[in-house]
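What the coordinates show
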Amino acid sequence: MRCARVVHDPHTGDSKSQWETRDGDVVKGGYRVAEPDGTIRVVEYTADKHNGFRAIVKKIGHSHHPYHAAPSHNEQKYEGYEYY
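In this report, the structure presented in the accompanying data block is examined.

For the rest of this paragraph, the subject is the sheet that holds strand β1 (residues 2–9). Overall, antiparallel pairing links the five strands, which are arranged β1-β2-β3-β4-β5 in an open sheet. In this open sheet, the two edge strands, each paired with only one partner strand, are β1 and β5 (52–60). Recorded for the sheet is a direction-independent mean angle of 5 degrees between the axes of neighbouring strands. Where strand β3 (residues 26–34) and strand β4 (residues 40–48) come together, eight bridges link them in antiparallel fashion. Residue pairing for β4: glycine 30 is matched across the bridge by glutamate 44.

The next thing to look at is the environment of glutamine 18. Relative to the helices and strands, glutamine 18 is located in strand β2 (residues 14–23). It is 9.0 Å that separates the C-alpha atoms of glutamine 18 and valine 7, two residues lying 11 residues apart in sequence. Leaving out residues up to four positions away in the same chain, glutamine 18 has contacts with Cys3, Ala4, Arg5, Gly30, Tyr31 and Tyr45. Within polar-contact distance, the side chain of glutamine 18 engages the side chain of arginine 5 at 2.2 Å.

Moving on: the pairing of β2. Look at any regular strand and the pattern is simple: side chains alternate between the two faces of the sheet. Here eight bridges tie β1 to β2, and the two strands are oriented antiparallel to one another. Of the residues in β2, the one forming a bridge with valine 7 is lysine 16. Following β1, the chain reverses through four residues before pairing antiparallel with β2; glycine 13 in that reversal takes a positive phi of roughly 85 degrees. By the bridge criterion, eight bridges tie β2 to β3 in an arrangement that is antiparallel. For glutamate 20, the partnering residue across the bridge sits in β3 and is glycine 29. Hairpin remark: β2 followed by β3, antiparallel, with two residues in the connecting loop; positive phi at glycine 24, about 65 degrees.

Let us now look at the pattern of salt bridges. Summed over all chains, the structure comprises two salt bridges. Between arginine 41 and glutamate 35 there is a salt bridge whose closest N-O contact spans 2.6 Å. In this structure, the salt-bridge partner of lysine 59 is aspartate 37, at a minimum N-O distance of 3.5 Å. Of the two residues, lysine 59 is situated in strand β5 and aspartate 37 in the loop between β3 and β4; the sequence distance between them amounts to 22 residues.

What counts, and at which threshold
- Residues numbered from 1 in each chain as written.
- Predicted model: local features only at pLDDT ≥ 70, side-chain atom pairs only at ≥ 80, totals over all residues.
- Heavy atoms only, no water.
- Pairing = 2+ DSSP bridges.
- Helix = DSSP H or I, 4+ residues; strand = E, 2+ residues; numbered from the N terminus.
- Axes fitted to C-alpha atoms, helices over the stretch in contact; angles between N-to-C directions.
- Contact = heavy atoms within 4.5 Å.
- Polar contact = N/O pair within 3.5 Å; in protein donor to acceptor, adjacent residues only side chain to side chain.
- Salt bridge = Lys/Arg side-chain N within 4 Å of Asp/Glu carboxyl O.

If you want it as structure tokens, here you go:
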């Protein structure tokens, strides 16, 4: 038995896929997820009664984090709160 799913939403940037096969008591599968930092997480797994669940996790690409300058001590803003 084989099953697969794919999601790609250009509006939200959500992108992922998943697949899984089963042969008796042995399950093999994997998935790919586009992470918010620009990398792709790839997981491949197997599960059976002798070895249990085993997964290999890979990260593809380089993470990119937007730079946000921290406000100076005198410029901190606390929205939604009033201080007296």
